[in-house]
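# Observations on chain architecture
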Amino acid sequence: MRFQTAEPFRIKMVEHVKKTTKEDRINWLKEANYNVFKVKAENVYIDCLTDSGTTAMSKNQWAALMMGDESYASCDSFFKLEKSVHDVFDIPYVQPVHQGRAADYLLAKLYTKPGKIAIGNMHFDTFRGNAEVLGALVEDLVKDEGKNASSPASPFKGNIDLNKCERIIKEKGLDSISVIILTVTCNNNGGQPVSMQNIKDTAEFAKKYNIPFVMDIARVAENAYFIKTREEAYKDRSIESIIRESVSYCETAVMSAKKDGLVNIGGLFLTRNKDVFTMANQLAIVHEGFLTYGGLAGRDLEALAVGLREVCDFDYLDYRIKQVEYLGNQLKLRGVPIIEPTGGHGVYVDAKRFFDHIPQHEFPAQRLVVALYEEAGIRAVELGACAFGSKDPITGKDVWPELETMRIAISRRVYTNDHMDCIANALGYIYENRKSYKGLKLVYQGPIVSLRHFTAGFELI
Ligand SMILES: *Cc1c(COP(=O)(O)O)cnc(C)c1O
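Since this is a predicted model, take the numbers as computed values, not measurements.

How each quantity is defined
Residues numbered from 1 in each chain as written. Predicted model: local features only at pLDDT ≥ 70, side-chain atom pairs only at ≥ 80, totals over all residues. Heavy atoms only, no water. Helix = DSSP H or I, 4+ residues; strand = E, 2+ residues; numbered from the N terminus. Rg over C-alpha atoms; globule rule 2.2 N^0.38 Å. Contact = heavy atoms within 4.5 Å. Buried < 20%, exposed > 50% of the residue type's maximum accessible area, 1.4 Å probe, protein only. Salt bridge = Lys/Arg side-chain N within 4 Å of Asp/Glu carboxyl O. Domains from an automatic or database assignment. Buried area = accessible area lost by both parts, 1.4 Å probe. Near = heavy atom within 4 Å. Polar contact = N/O pair within 3.5 Å; in protein donor to acceptor, adjacent residues only side chain to side chain. Nonpolar A, V, L, I, M, F, W, Y, C, P; charged D, E, K, R; others polar. Phe/Tyr/Trp six-rings, centres within 6.5 Å; stacked < 30°, edge-to-face > 60°. Pairing = 2+ DSSP bridges. Axes fitted to C-alpha atoms, helices over the stretch in contact; angles between N-to-C directions. Right-handed = clockwise from strand over helix to strand, strands pointing away. Parallel < 35°, antiparallel > 145°, perpendicular 65-115°, else oblique.

Looking only at helices and strands, the chain features 17 helices and 16 strands. The C-alpha radius of gyration of the chain comes to 21 Å, within 12% of the 23 Å expected for a compact globule of 461 residues. Seen through its principal axes, the chain has C-alpha atoms that stretch 60 × 55 × 45 Å. Here the analysis covers contacts within the chain between residues at least 6 apart in sequence; of these, 73% occur between residues at least 24 apart.

Next up, the structure:
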């Protein structure tokens, strides 16, 4: 395998992308109010907005699509999916949902309570939004190094800090905590992994206090790769066995299958608790569809049944994680400050250091997103003042997040390292000229603050 260092696949079908002029892109940005969510995808050259649902499916998945049943109840496609879930995760009760956020809704509805706190390493926006709508409170208790984009490289920056959990229980009382949620890998701070030790310790902690323990396993296979390559005790274990052990400690797991499910749509709500499953079924009937399709077509269930098995392939994961690392290294060579080490699904540029002359209330990370699209037609996403900013519920004042990053999410099996070079060259150029950029002014936001980045509007200062 010494010389076999390229992508472990051949490209069977291609999707053309359009090259565009800077002049056009300046106009499109203006029309989109400097929010790249509103830029037409056809006008994007390399799309790194998200790794969600953007996977290129394999020939086995495309073949499986044709086997999809279109019957309403108890279709064969569901039982294939259920079998994959049993084989890969060893969790008995399976409720498919149309995508991750629907599983987040079930989770928020079944495990949180108004006024009580859901603690976690870092909750993902769609869980946070669902919890907020239901009147629940949330706390991110990741280790300090995971909240600081310039902290030195360390292997498991997604780990939850159990001392902080202990403290919050002491301060607010055990009664005020509803659930503990570990998100693996931790999306919001760089796709940073959580160690098996931390998963085990969290499970023990939860057991000691009798708090339900749930995992968000959207990227559990990428997390398993990091455990295998960074946690000594697991270096000889297979990806399959690491995934299985990871989820063996939790009562319930939610998954956006658009990530490590290697599909374009779908989600899972998985549990070992029969009562929780019964309630999840009821809610799914109201919100998603019948128990055995959960808002998905038979073909989607089939593609996911295959994707869950494919994602366990070590060679695939090795290519995937190393491509992200390659981009990180290219950026570092050009002086661009990033979160280190690179995580599972993208490179996170530290906009606080990149644009150190733009204050956080002028949205430096969003400014960088705009600059990258303007210069190169490359679309990334802001995870900073706009996405994570909030208002103090008592004073109404703006509260700014610790992390101010631009995420360059890498789609699975879609781009080559030549694309990575384009991204690095464009960002290197912007970095050289960084002092010529000024910030942005937020001129529109929707009523739910935690979701404002999706529809926000800006003006150039
Ligand atoms: C993407 C994501 C979700 C939401 O999933 P969708 O399929 O986009 O609705 C939830 N949790 C995490 C960690 C995610 O990355």
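The next subject is the side chain of S178. With respect to the helices, strands and loops of the structure, S178 is situated in strand 5 (residues 177-183). For S178, a relative accessible area of 9% translates into the label buried. Other than its neighbours up to four places away in sequence, S178 contacts Y111, T112, K113, K116, I117, A118, I211 and P212.

Working definition: two side chains of opposite charge can pair if their charged atoms are close together. Considering all chains together, one arrives at 24 salt bridges under this definition. Across the salt bridge formed by E222 and R320, the nearest N and O atoms sit 2.8 Å from each other. Taken as a pair, E222 in helix 9 (residues 220-230) and R320 in helix 13 (residues 314-333) lie far apart in primary sequence, 98 residues in all. Pair check on accessibility: E222 and R320 agree, each one buried. Through salt bridges that share partners, D51, R219, E222, D260, R320 and R412 make up one connected network.

Attention now moves to the domain arrangement of the chain. Per the domain assignment, the segments making up the chain are domain 1 (22-51 + 314-460) and domain 2 (59-310). The distance between the C-alpha centroids of domain 1 and domain 2 comes to 26 Å. Every contact between the two is made by 33 residues of domain 1 and, on the other side, 37 residues of domain 2. Buried area between domain 1 and domain 2, both sides added, is near 2,700 Å², and the carbon and sulfur share of it is 59%. Among the residues of domain 1 in contact with domain 2, L317, P341 and L403 are the three that bury the most area, contributing 19% of the side total. Taken together, domain 1 and domain 2 are joined by six salt bridges.

Turning to the site of the ligand, a few remarks are in order. Around the ligand there are 14 residues in total, and Q99, R101, D216, S256 and K259 lie nearest to it. For the ligand, an oxygen atom lies 2.6 Å from a polar atom in the side chain of R101. D216 places a polar side-chain atom, nitrogen or oxygen, 2.7 Å from a nitrogen atom of the ligand. By residue number, the principal contributor to the shell around the ligand is helix 4 (residues 100-111), which donates three residues. Here the residues of the shell around the ligand sort into one nonpolar, seven polar and six charged.

Following the criterion strictly, the structure yields 15 aromatic pairs and no others. Ring geometry for F9 against Y319: centres 5.2 Å apart, planes inclined by 85 degrees, an arrangement best described as edge-to-face. Taken as a pair, F9 in the segment before helix 1 (22-31) and Y319 in helix 13 lie far apart in primary sequence, 310 residues in all. Residue F9 is classed as partly exposed on the basis of its relative accessible area of 28%. Each ring, one from F37 and one from F454, has its centre 5.2 Å from the other, and the planes form 65 degrees; the classification is edge-to-face. Of this pair, F37 sits in the loop between helix 1 and strand 1 (46-47) while F454 sits in the loop between strand 15 (440-444) and strand 16 (457-460), placing them 417 residues apart in sequence. Of the aromatic side chains, those joined through ring pairs into one cluster are F354, F355, Y431 and Y437.

Two orientations exist for strands paired in a sheet by backbone hydrogen bonds: parallel and antiparallel. Sheet architecture is open: three strands sit in the order 9-14-11, paired in antiparallel fashion. Either end of the sheet is taken by a strand with one partner, and the two such strands are strand 9 (346-350) and strand 11 (381-383). Ignoring strand direction, the axes of neighbouring strands in this sheet form an average angle of 30 degrees. Set on the sheet, helix 15 (residues 364-376) makes contact with strand 9, strand 11 and strand 14 (405-409); between it and strand 14 the angle comes to about 45 degrees.

On the basis of which strands lie adjacent, the open sheet formed by seven strands has the order 2-8-7-6-5-3-4 and mixed pairing. With one partner strand each, in any of the chains shown, strand 2 (93-97) and strand 4 (137-140) form the two edges of the open sheet. Between one strand axis and the next, the sheet turns through 20 degrees on average, direction left out of account. Contacting strand 2, strand 7 (252-256) and strand 8 (267-271), helix 11 (residues 274-287) runs over the sheet at an angle of about 25 degrees to strand 2.

Another point: the environment of L308. Among the structural elements, L308 can be located in helix 12 (residues 298-310). Sequence spacing of L308 and L262 is 46 residues, and the spatial spacing of their C-alpha atoms is 7.1 Å.

Of the two faces of strand 3 (residues 117-120), the one holding I117 and I119 and the one holding A118 and G120 are both buried throughout. In the sheet, strand 3 pairs with strand 4 via four bridges, with the strands oriented parallel. Bridged to A118 within strand 4 is V138. At this point the chain moves from strand 3, through helix 5 (residues 125-133), to the parallel strand 4, and the crossover so formed is right-handed. Looking at chain direction, strand 3 and strand 5 are connected through four bridges and run parallel. Its bridge partner lying in strand 5, I119 is registered against I180.

Running from N to C, helix 3 (residues 76-89) and helix 10 (residues 239-248) point in directions that differ by 90 degrees, and their axes come no closer than 8 Å. One element, helix 3, and the other, helix 10, form an angle in the roughly perpendicular class. Across from H86, D87, V88 and F89 in helix 3, the residues of helix 10 making contact are I243, R244 and V247. The residue inventory of the contact of helix 3 with helix 10, partitioned by class, reads four nonpolar, one polar and two charged.

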